Amino acid sequence: MKNWIQEAREASGLSLEYCASALFMSPDAFKEKDANPGTLTLNELRALHIVFNDEARAILRNALKGIFY
């Protein structure tokens, strides 16, 4: 079962490597974040929001809403 960050990344057609570079981190470091999205910082979420497409942005927003509701 995929988590929300994996779904969003795939909806945008982005690789682990591309997302890692958007966050200025190694692919191995991003792999950990991809497997454990609760470890993403707000700054990292913002950077991913910029590179995601509209469908992936909606997935991200719904994940954030799920935290509060």
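Residues numbered from 1 in each chain as written. Predicted model: local features only at pLDDT ≥ 70, side-chain atom pairs only at ≥ 80, totals over all residues. Heavy atoms only, no water.

### With respect to the environment of Ser-21
Right, on to step 1. Examined against the element boundaries, Ser-21 turns out to sit in helix 2 (residues 16-22).
Right, on to step 2. Judged by relative accessible area, Ser-21 falls into the partly exposed class, the value being 42%.
Right, on to step 3. As for Ser-21 and Ala-63, which are separated by 42 residues in sequence, their C-alpha atoms are 23 Å apart. (Helix = DSSP H or I, 4+ residues; strand = E, 2+ residues; numbered from the N terminus. Buried < 20%, exposed > 50% of the residue type's maximum accessible area, 1.4 Å probe, protein only.)

### Description of helix 3 (residues 27-35)
Right, on to step 1. Regarding helix 3, the residues found buried are Phe-30, Lys-33 and Asp-34. The arc that holds every buried residue of helix 3, seen down its axis, measures 100°, which confines them to one face. Facing away from the buried surface of helix 3 by more than 90 degrees, the exposed residues are Asp-28 and Glu-32. (Arc of directions from axis to C-beta.)

### Points about the pattern of salt bridges
Right, on to step 1. All told, the structure shown has four salt bridges when counted by the stated rule.
Right, on to step 2. For Glu-10, the salt bridge goes to Lys-2, with nearest N and O atoms at 2.5 Å.
Right, on to step 3. By relative accessible area, which is 44% here, Lys-2 ends up partly exposed.
Right, on to step 4. Asp-54 is the salt-bridge partner of Arg-57, the closest N and O atoms lying 3.3 Å from each other. Taken together, the residues Arg-57 and Asp-54, both in helix 5 (residues 54-68) and three residues apart, mark about one turn of the helix. (Salt bridge = Lys/Arg side-chain N within 4 Å of Asp/Glu carboxyl O.)

### As for the confidence of the model for the protein chain
Right, on to step 1. Taken residue by residue, the protein chain gives an average pLDDT of 96. The fraction at 70 or more is 100%.
Right, on to step 2. Confidence scores differ between elements of the protein chain, with helix 5 showing the lowest mean pLDDT of 93 and helix 2 the highest of 98. (pLDDT = per-residue confidence, 0-100.)

### Notes on the packing of helix 4 (residues 42-51) against helix 5
The relative placement of two packed helices is expressed as an angle between their axes plus a distance between the axes.
Right, on to step 1. Packing of helix 4 against helix 5 brings their axes to within 9 Å, and their N-to-C directions diverge by 150°. Considering their axes alone, helix 4 and helix 5 lie roughly antiparallel with respect to each other. Only Arg-57, Leu-60, Arg-61 and Leu-64 of helix 5 make contact with helix 4, whose side of the interface consists of Leu-45, His-49 and Ile-50.
Right, on to step 2. Class assignment for the residues of the contact of helix 4 with helix 5 results in four nonpolar, one polar and two charged. (Axes fitted to C-alpha atoms, helices over the stretch in contact; angles between N-to-C directions. Parallel < 35°, antiparallel > 145°, perpendicular 65-115°, else oblique. Contact = heavy atoms within 4.5 Å. Nonpolar A, V, L, I, M, F, W, Y, C, P; charged D, E, K, R; others polar.)

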